[in-house]
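# Structural overview for review
Here is what each chain is made of, one letter per residue.
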Amino acid sequence: MIVFAPIACNIARMNWDDLRFFLAAVRGGTFSAAASELGVNRTTVARRITQLERRLGQPLFTHQHNQYELSSFGGALYRQASRLEKELLSLEESLGLEEERLAGELRIAAPLGLGPEFIAELSQFSRDYPQVRWELLNTVDPVAALNQRKADVAIAVSNSCPPHIRGHFLGEMQRAVYASKRYLKRLPAETPLAAHHWIGWGSDLAESQAAKWIARELPEDVYKPAQVNSWNAILAAVKSGLGVAHLWCFLADGDRQLTAIRPPDPELSMGLWLMRPANIPASARVKAFINTLRPLLKQRLD
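We now turn to the structure provided with this report. Just so it is clear, the model here is predicted, and its values are computed rather than measured.

As a further point, take the sheet that holds strand β11 (residues 258–260). Judged by pairing direction, the sheet is antiparallel, and its three strands sit side by side in the order β10-β7-β11 without closing on themselves. Either end of the sheet is taken by a strand with one partner, and the two such strands are β10 (245–248) and β11. The sheet shows a mean angle of 55° between the axes of neighbouring strands, taken without regard to direction. Bridge count for strand β7 (residues 175–180) against β11 is three bridges, and the pairing is antiparallel.

Encoded structure:
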């Protein structure tokens with residue numbers, strides 16, 4: 001039987017950095033995700049976790065089925081460390097940082113047309129921090145908006161995080177070919193892909209994964225009644241029955257007007273991230289935004 005009483009005493013003898021690595025590992029789900037969040041490599045995270053386990057004399061994680069899971073002791077430590085984190089944030093507020101934390105402007109970059117899909121999560125942030133006024137910037141390249149200081153934080157779709165960006169990986173987004181029920185009355189789902197009517201991507205997104213897939217996998221003369229340059233436009237075109245297209249599964253699967261006519265294509269999966277510049281200290285508003293949106297967006301992808 002494990003006794004948890006010594007945890008509080010051990011926490012008192014640790015520096016906060018030890019617990020910061022531990023919390024990042026738990027919340028990120030993997031050491032690699034924690035490394036990305038903290039701006040270090042995976043080996044550093046693993047080493048710090050091992051040092052923490054030796055100091056406490058208890059394993060924090062168990063390795064089962066090729067996955068790391070919190071041990072009973074680790075779960076107890078996580079709950080106490082999370083409470084300590086909240087107390088430290090409260091201390092910052094009591095020292096005069098509360099106004100900066102709860103008020104001001106926040107510029108949020110999001111992929112063109114996809115940002116409005118996260119209004120529910122942004123609304124939750126507003127309820128938690130009603131004095132923070134946010135502006136949603138729909139852009140082709142959210143990372144460029146960060147680099148150009150047009151945005152403070154970004155919701156980004158990418159297979160990796162640039163070295164000059166601090167990224168919080170949220171999960172994989174899958175894509176599949178969808179059609180509307182109206183469209184399928186004219187052309188059944190089992191019709192060969194080359195014989196379907198395709199909604200194409202315009203010049204602004206000609207280098208996107210989906211556009212390259214169409215250029216590579218379909219004949220040049222495939223029928224494309226229209227081309228668009230944003231997620232909301234391609235979604236509307238598919239729902240209207242104009243043609244088929246690759247749509248994000250986590251958004252399209254819940255729409256009764258749409259049907260996936262092919263399984264998700266692993267080649268077209270991409271990661272969803274929260275990103276901020278690595279060379280600029282995160283403001284309290286940015287930290288609050290990331291801490292609020294991260295669990296909400298992860299839940300959307302589950």
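Glancing now at the pattern of salt bridges. In total, this model carries seven salt bridges according to the counting rule given. Note that arginine 300 and glutamate 121 form a salt bridge whose closest N and O atoms lie 2.9 Å from each other. On the criterion of sequence distance, the pair formed by arginine 300 in helix α12 (residues 284–301) and glutamate 121 in helix α6 (residues 119–128) is long-range, its members being 179 residues apart. For arginine 300, a relative accessible area of 26% translates into the label partly exposed. When its relative accessible area of 7% is taken as the criterion, glutamate 121 is described as buried. Between lysine 212 and glutamate 207 there is a salt bridge, and its shortest N-O distance comes to 3.6 Å.

An α-helical turn contains 3.6 residues, so any two residues separated by three or four positions project in the same direction. Those residues of helix α10 (residues 231–239) not exposed but buried are Trp231, Ile234, Leu235, Ala237 and Val238. Along the long axis of α10, the arc covered by the buried residues comes to 165°, so they all point the same way. Where α10 is buried, its residues contact β7, β8 (199–201), β9 (226–228), β10, α11 (249–252) and β11. Among the residues trailing α10, glycine 241 stands out with phi positive, at a value near 95°.

Moving on, we come to the sheet that holds strand β3 (residues 103–111). Ordered by their spatial adjacency, five strands build an open sheet running β4-β3-β5-β12-β6, and the pairing between neighbours is mixed. Both outer strands of the open sheet, β4 (131–139) and β6 (165–173), are each paired with one neighbouring strand and no more. Pairs of neighbouring strands in the sheet enclose a mean axial angle of 20°, with direction left out of account. In this sheet, strand β5 (residues 153–158) lies alongside β3 in parallel orientation, the contact comprising two bridges. Of the residues in β5, the one forming a bridge with isoleucine 108 is valine 153. Running at roughly 15° to β6, α12 makes contact with β3, β4, β5, β6 and β12 (270–277) of the sheet.

On to the packing of aromatic side chains. Tallied over the entire structure, the rule returns seven aromatic pairs. Look at phenylalanine 31 and phenylalanine 61: their rings are 5.8 Å apart centre to centre, the planes differ by 80°, and that puts the pair in the edge-to-face class. Of the two residues, phenylalanine 31 sits in helix α3 (residues 31–38) while phenylalanine 61 sits in strand β1 (residues 61–64), which places them 30 residues apart along the sequence. The same class applies to phenylalanine 31 as to phenylalanine 61, namely buried. Here phenylalanine 125 and phenylalanine 289 contribute two aromatic rings whose centre-to-centre distance is 5.3 Å and whose plane-to-plane angle is 80°, an arrangement assigned as edge-to-face. Of this pair, phenylalanine 125 sits in helix α6 while phenylalanine 289 sits in helix α12, placing them 164 residues apart in sequence. Accessibility assignment for this pair places phenylalanine 125 and phenylalanine 289 in one class, buried. Each residue in the set Phe22, Phe31 and Phe61 is aromatic and connected to the rest through ring pairs, giving one cluster. Looking at arginine 48, its charged tip hangs above the ring of phenylalanine 21, at a distance of 4.4 Å from the centre.

Quick look at the pairing of β3 now. The side chains of a regular strand alternate between both faces of the sheet. The sheet contact formed by β3 and β4 spans nine bridges and is parallel. Of the residues in β4, the one forming a bridge with leucine 106 is tryptophan 134.

Next up on the list: the packing of helix α2 (residues 16–28) against helix α4 (residues 42–56). Running from amino to carboxyl end, α2 crosses α4 at an angle of 115°, the nearest separation of the two axes being 9 Å. Considering the relative orientation of α2 and α4, their crossing is left-handed. Here Asp17, Asp18, Phe21, Phe22 and Ala25 of α2 lie close against α4, whose contacting residues are Thr44, Val45, Arg48, Ile49, Leu52 and Arg55. Across the contact of α2 with α4, the residue classes break down as six nonpolar, one polar and four charged.

Reading the values: rules and limits
- The residue numbering used here restarts from 1 in each chain and proceeds along that chain's sequence as written.
- Side-chain atom pairs in this predicted model are given and counted only at pLDDT of 80 or more, local residue features only at pLDDT of at least 70, and totals for whole chains, interfaces and linings cover all residues.
- The basis for every side-chain value is the complete set of heavy atoms in the structure, and neither hydrogens nor water enter the calculation.
- Strands are treated as partners if at least two bridges between them are detected by DSSP.
- Strands are runs of DSSP state E lasting at least 2 residues, helices are runs of H or I lasting at least 4, and numbering of each runs from the N terminus.
- As a rule, the C-alpha atoms of each element are fitted with a line to give its axis, helices using only the stretch in contact, and angles between N-to-C directions run from 0 to 180 degrees.
- Definition used for salt bridges: Asp or Glu carboxyl oxygen within 4 Å of a side-chain nitrogen of Lys or Arg.
- Categorising residues by exposure relies on relative accessible area from a 1.4 Å probe, with only protein chains included: less than 20% of the type maximum marks a residue as buried, more than 50% marks it as exposed, and the intermediate range marks it as partly exposed.
- Think of the arc as the fan of directions from the helix axis to the C-beta atoms.
- Any two residues whose heavy atoms approach within 4.5 Å are treated as being in contact.
- When two rings of Phe, Tyr or Trp (its six-membered ring) have centres within 6.5 Å they constitute a pair, described as stacked for plane angles under 30 degrees, edge-to-face for angles over 60, and tilted for the intermediate range.
- Ring-over charges, as used throughout, are those where CZ of Arg or NZ of Lys falls within 6 Å of the ring centre and within 35 degrees of the ring normal.
- Throughout, a crossing is termed right-handed when the near helix is turned clockwise from the far one, and left-handed when it is turned anticlockwise from it by less than a right angle.
- Residues were grouped as follows: Ala, Val, Leu, Ile, Met, Phe, Trp, Tyr, Cys and Pro as nonpolar; Asp, Glu, Lys and Arg as charged; and all remaining residues, including Gly, as polar.

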